[in-house]
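# Observations on the model geometry
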Amino acid sequence: LASEQDAYRVFEAARQNRPVERSKPKAVEEKADAVPLEIAEVKARMVTKNVAQLRAQQSQIQQANAQKSRQMTSMSARKSSAGTDVGGLSTPALGYVGTTRAAIDLMRPIVQSALQENERVMKSLDPRKDVVASFMELCRTLVPESMSVQVFDGLSSQAGQLADVMVKSPAEFYKVWTLYCTALVEFSESSPVFESVVHLFKRLGVLMGEVDPVLTQQLMTDVGLPSLAPLLIDSDGKREHFCELIYTYTQPQALSRLGILRALKEAIDRLPVYIACLSYFVPLELQAELLDENLVKHYMYYALVALQNPQPKIRVAGLAILVSVTSSPEENTSQNVLSLLPSFIELVHDGWWEVQAQLLLLCAQLLIHLAGGQGSPEDSASADALLSVVSGLFGAAGTSKIVLQVGLCALVKCLRHYPALLPAYVSVLLGQPAGLRQRLLQAVTKADDGSVPPPRRLAYVMGTSSRLYEECCICGFWPAVEVARTLAVRAEASRLDNFEPEHLEVLTACLPEQDVDLGEEWLAVFEKVKAYVFVALIDPSLHLGAREVVRRFWLCRPQNTALKAIDASKKTLLQTLRINYSDTGHTRVQEADLLELLREMRDAGGAISAMLQSVVDQFREAHNTEFLRSRLDTLFE
């Protein structure tokens, strides 16, 4: 304590004895000029790497440092376990914990397992390279297609582990993407290998998005889009697949979708290609229920631009966008499309078949929308304009059968709301080639659980120059009685001598199943068509279809309707028998086939048997010569 007090006294004495006035001024000397400093010109260095690549490079450096640290730790552990110079024996050190496993290590056993089945492929692998990389080099030329599919399906089954690795280390995504992206180029869109690769990338996108959606979308923007953009430009047939692939990596939010669309537009840098891609993105927005006001404005703007484009494919894409937008359950979207009616109604004169097909699809969508509206004068005027477009395409002699096929599928749901379409619709249906018409009339086979399979999607033109169009069984959507009545009225107005196969095909397709009751309205239809049906009974090419119609009316439910149909058939059946057994020289159906039907109806008993007995007796009495040529007497022996 005494030493501390002495130090304090010394400090105070120094402070009190310090002079307070200014010190003596010093002269300022002139010094020589400073040496000039030369600063080199700044040179800009171009950065060619994007965000994901920089992150990938940083991740690789970190992995290299971790590997070096692990090796040093391992060496230290081995040295310590053997003994040190200073302390002798010590406890072994633990290795590095937390290292992410490389994606190549996960993929290698899957690839090796599939390739071992083919000795030729195994011998052709480059021993200097990893088996996965060597497989990709031989995938196009040497590896069988089924084996390649097996490899990619196996990788898809392990997509969960791969996605976990890629989220933890974006560099691994870059490696996997660049490794397998070549298959998207080399294989055609119809190849099972292409489908399996796309499926693998989709699985990875979905699983990565569940863990880190922001990173997943950024990786698609920085890594995926630069490599997909050239393919979207050059490969028309692959665009739909790639658009679906891109959206699996995109966050399910409207703003995120807009962000990826803008990035895609910059990557493509070709407006027609971008519009074509938009036409494939819109259905995906509808499926995800993300088509909000901002997205609708974006799509409709580019659709309107497309309608003015001189390239027919771009006009097709613009109409396809409007078709999809109109399918939205939002009320305002269809009204917004209707406001563009003056912009697309003149396309009825467009000579490109696919423009006409998309125009019919759009008209059908808008007509259905207007049918559920308030029936305002504006809506009525719009409906009339749309119906005039349909009439113009359905009534033109040069309209392609493919366009008409698309229109038949699209407009079938409008027939109940717009009966004025029925005459043209039935006329077009009858005029279609047999193969196209029968596809539309073929009943859908339900699955074991009762579910209805999805509609067929067909390309009507070979190659990748056209879109896929849905074909459905129109019988499940049309007003059957009205269609059958229109068919009968058209036959009468045309004064047909007899039905053709297409008439019977349509009539048979209109009739409900045997276990469904026939209403009184069907009797009026039967009254109009019975003469054609019974004449068709004795025509070899029409016999089978005609007997189905006869069987359906004579054996229908309720019994009261059947009795009326049977009673209405007496006179016509008698005339048919006279024509069949007259010596006219015309080709007739085999008598055995006719007798088979009559015996079947006779065995039904009741009113049918009594009616047949009465008709045969009348035929014997009134046309005995023709009766003697027949074997009708064997019916009631």
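Preceding block: the structure.
Now for a look at the structure at hand.

What counts and how
Residues numbered from 1 in each chain as written. Predicted model: local features only at pLDDT ≥ 70, side-chain atom pairs only at ≥ 80, totals over all residues. Heavy atoms only, no water. Helix = DSSP H or I, 4+ residues; strand = E, 2+ residues; numbered from the N terminus. Buried < 20%, exposed > 50% of the residue type's maximum accessible area, 1.4 Å probe, protein only. Contact = heavy atoms within 4.5 Å. Areas by Shrake-Rupley, 256 points an atom, 1.4 Å probe, with all protein chains shown as cover. Salt bridge = Lys/Arg side-chain N within 4 Å of Asp/Glu carboxyl O. Phe/Tyr/Trp six-rings, centres within 6.5 Å; stacked < 30°, edge-to-face > 60°. Axes fitted to C-alpha atoms, helices over the stretch in contact; angles between N-to-C directions. Parallel < 35°, antiparallel > 145°, perpendicular 65-115°, else oblique. Left-handed = near helix turned anticlockwise from the far one by under 90°. Nonpolar A, V, L, I, M, F, W, Y, C, P; charged D, E, K, R; others polar. Polar contact = N/O pair within 3.5 Å; in protein donor to acceptor, adjacent residues only side chain to side chain.

## What about the overall build of the chain?
- Along its length, the chain carries 30 helices and 2 strands.
- Burial statistics for the chain: of 637 residues in total, 44% are counted as buried.
- Nonlocal contacts in the chain, meaning residues at least 24 apart in sequence, comprise 70% of its contacts between residues at least 6 apart.
- When the accessible surface of the chain is split by element, carbon and sulfur atoms take 52% of a total near 34,300 Å².

## Some words on the pattern of salt bridges
- A complete count under the given rule lists 28 salt bridges for this structure.
- The structure contains a network of salt bridges with shared partners spanning Arg 547, Glu 548, Arg 551 and Glu 600.

## Some words on the packing of aromatic side chains
- Inspection of the entire model under this criterion finds 17 aromatic pairs.
- Ring centres of Phe 135 and Phe 152 lie 5.9 Å apart, and the angle between their planes is 55 degrees; this geometry places the pair in the tilted category. On the criterion of sequence distance, the pair formed by Phe 135 in helix α5 (residues 131-138) and Phe 152 in helix α6 (residues 145-157) is long-range, its members being 17 residues apart.
- Accessibility expressed as a relative area gives 0% for Phe 135, which makes it buried.
- Taking the centre distance of 6.1 Å and the plane angle of 45 degrees together, the rings of Phe 534 and Trp 554 count as tilted. Of this pair, Phe 534 sits in helix α25 (residues 521-537) while Trp 554 is found in helix α26 (residues 543-554), placing the two residues 20 residues apart along the sequence.
- A relative accessible area of 1% means that Phe 534 is categorised as buried.
- Aromatic rings pair up to connect Phe 173, Trp 177, Phe 201 and Tyr 249 into one cluster.

## A word on helix α21 (residues 422-431)
- Among the residues of α21, Leu 422, Tyr 425, Val 426, Val 428, Leu 429 and Leu 430 are the ones counted as buried.
- Where the residues of α21 are buried, they touch α19 (377-395), α20 (401-411), α22 (434-441), α23 (480-494) and α24 (501-510).

## Things to note about the packing of α20 against α21
- Two elements in contact, α20 and α21, have axes whose closest approach is 10 Å; the angle formed by their N-to-C orientations is 130 degrees. With respect to their mutual orientation, α20 and α21 come out oblique. For the pair α20 and α21, the crossing hand works out as left-handed. Contacts between α20 and α21 involve Lys 401, Leu 404, Leu 408 and Leu 411 on the former and, on the latter, Tyr 425, Val 428, Leu 429 and Gly 431.
- For the contact of α20 with α21, the class distribution of residues is 6 nonpolar, 1 polar and 1 charged.

## Examining the packing of helix α15 (residues 312-326) against helix α16 (residues 331-338)
- Between α15 and α16, whose axes approach to 8 Å, the crossing angle comes to 145 degrees. For the pair α15 and α16, contact is made by Leu 322, Val 325 and Thr 326 and by Thr 333, Ser 334 and Val 337, respectively.
- Grouping the constituent residues of the contact of α15 with α16 by class yields 3 nonpolar, 3 polar and no charged.

## A word on the environment of Leu 142
- Among the secondary structure elements, Leu 142 is positioned in the loop between α5 and α6.
- On the basis of relative accessible area, Leu 142 is assigned to the buried category, the value being 19%.
- Between the C-alpha atom of Leu 142 and that of Arg 120, which follows or precedes it by 22 residues, the distance is 8.7 Å.
- Beyond its immediate stretch of four places on either side in the chain, Leu 142 contacts Arg 120, Val 121 and Ser 124.

## What about the side chain of Arg 437?
- Its place among the elements puts Arg 437 in helix α22.
- Here Arg 437 falls in the buried class, since its relative accessible area comes to 3%.
- A distance of 2.8 Å separates a polar atom in the side chain of Arg 437 from a polar atom in the side chain of Glu 505.
- Not counting residues up to four positions away in its chain, the partners in contact with Arg 437 are Leu 429, Leu 430, Gln 432, Glu 502, Glu 505 and Val 506.

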